[in-house]
Amino acid sequence: MDNHGFGNALVALSIVIQRRFVQICGDHDLTPAQGQLLCSVKDRPRRMAELAAAMGMAKNALSQLVDRTERRGLVQRESPGSDRRVITLYATAEGKLIADALYVDIAERLPDIAGDLSPDDQQVFRQLATAIAAARLPNCPAC
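Cut-off values and rules
- Residues numbered from 1 in each chain as written.
- Predicted model: local features only at pLDDT ≥ 70, side-chain atom pairs only at ≥ 80, totals over all residues.
- Heavy atoms only, no water.
- Phe/Tyr/Trp six-rings, centres within 6.5 Å; stacked < 30°, edge-to-face > 60°.
- Lys NZ or Arg CZ within 6 Å of the ring centre and 35° of its normal.
- Helix = DSSP H or I, 4+ residues; strand = E, 2+ residues; numbered from the N terminus.
- Contact = heavy atoms within 4.5 Å.
- Axes fitted to C-alpha atoms, helices over the stretch in contact; angles between N-to-C directions.
- Parallel < 35°, antiparallel > 145°, perpendicular 65-115°, else oblique.
- Nonpolar A, V, L, I, M, F, W, Y, C, P; charged D, E, K, R; others polar.
- Patch = residues over 30% accessible without salt bridge, like charges linked within 9 Å, V, L, I, M, F, W, Y side chains within 5 Å.
- Areas by Shrake-Rupley, 256 points an atom, 1.4 Å probe, with all protein chains shown as cover.
- Salt bridge = Lys/Arg side-chain N within 4 Å of Asp/Glu carboxyl O.
- Buried < 20%, exposed > 50% of the residue type's maximum accessible area, 1.4 Å probe, protein only.
- Pairing = 2+ DSSP bridges.

Novice: So what exactly am I meant to see when it comes to the packing of aromatic side chains here?
Specialist: Two aromatic rings are characterised by how far apart their centres lie and by the angle between their planes. Overall, the coordinates contain 0 aromatic pairs when judged by the stated rule. A cation over an aromatic ring shows up here: Lys 42 above the ring of Tyr 103, its NZ or CZ 4.4 Å from the ring centre.

In structure tokens form, the structure reads like this:
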């Protein structure tokens, strides 16, 4: 396969993955951005600056996302210490429950996109996808 066709195949694969992710997040009454945010803070608090960089978002866009998610009671901001410019975000108890359920659902349902592959090909696909993600997103808080 030439690179042109392979590039198109990768775009098509990303569309398949995004559609499934949107569906899974919707089943939890979340937008994909809220799902990514919750999975990013489900296990430990994160600084807003760290989240913005990891999620590839401008700080003001992240603040708007956090505002919407905070109004739902799923995350909460905190300014530890005396520097009020440093803001840490963490999942509330309800947010952690939803994030944990979402995380399990993603782990169970997203791999279905490779369901038509043979078991051996599924294993190779899993290994390649894991290697690519680890190389390209080494500090991904949701990975």
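Novice: Before we go on, may I ask you to explain the side chain of Asp 105 in this structure?
Specialist: Its place among the elements puts Asp 105 in helix α5 (residues 93–109). Those residues in contact with Asp 105 that sit more than four places away from it in its chain are Ile 24, His 28 and Leu 110.

Novice: Sorry, what's going on with the packing of helix α3 (residues 48–55) against helix α4 (residues 59–71) here?
Specialist: Helix packing for two helices is described by the angle between their axes and how far apart those axes are. Where α3 contacts α4, the two axes come as close as 9 Å, and the packing angle between them is 105 degrees. Taken together, the axes of α3 and α4 lie roughly perpendicular to each other. Contacts between α3 and α4 pair Met 48, Ala 49, Leu 51, Ala 52 and Met 55 from the former with Lys 59, Leu 62, Ser 63, Leu 65 and Val 66 from the latter. Residues that form the contact of α3 with α4 fall into these classes: 8 nonpolar, 1 polar and 1 charged.

Novice: Help me out: how do you make sense of a nonpolar patch on the surface in this one?
Specialist: On the surface, a cluster of nonpolar side chains totalling about 280 Å² of accessible area is made up of Val 124, Leu 128 and Ile 132. Looking at the secondary structure, you find Val 124 in helix α6 (residues 119–136).

Novice: Could you clarify how one ought to interpret the environment of Leu 97 in this entry?
Specialist: Its place among the elements puts Leu 97 in helix α5. The class for Leu 97 is exposed, based on a relative accessible area of 63%. Along the backbone, Leu 97 and Leu 38 are 59 residues apart, and their C-alpha atoms lie at a distance of 9.9 Å.

Novice: Explain the sheet that holds strand β1 (residues 46–47) here, please?
Specialist: Strand pairing in a sheet takes place through backbone hydrogen bonds and is either antiparallel or parallel in direction. Judged by pairing direction, the sheet is antiparallel, and its 3 strands sit side by side in the order β1-β3-β2 without closing on themselves. Of all the strands in the sheet, just β1 and β2 (75–78) have a single pairing partner and so form its edges. Bridge count for β2 against strand β3 (residues 88–91) is 4 bridges, and the pairing is antiparallel. By the bridge assignment, Arg 77 is partnered in β3 with Leu 89. Contacts between helix α2 (residues 32–41) and the sheet are confined to β1, β2 and β3, with β3 contributing the most and set at about 95 degrees to the helix. Contacting β2 and β3, α4 runs over the sheet at an angle of about 120 degrees to β2.

Novice: How should I be thinking about the pattern of salt bridges in this particular structure?
Specialist: In this structure the tally under the stated criterion is 12 salt bridges. Two residues, Lys 42 and Asp 43, come together in a salt bridge whose shortest N-O distance is 3.2 Å. Relative accessible area serves as the criterion here: at 10%, Lys 42 is assigned to the buried category. A salt bridge links Glu 50 to Arg 46; the shortest N-O distance between them is 3.1 Å. By relative accessible area, Arg 46 is classed as buried at 11%. Through salt bridges with shared partners, a single ionic network connects Lys 42, Asp 43, Lys 96 and Asp 100.

Everything listed here is a matter of geometry and, on its own, says nothing about what the molecule does.
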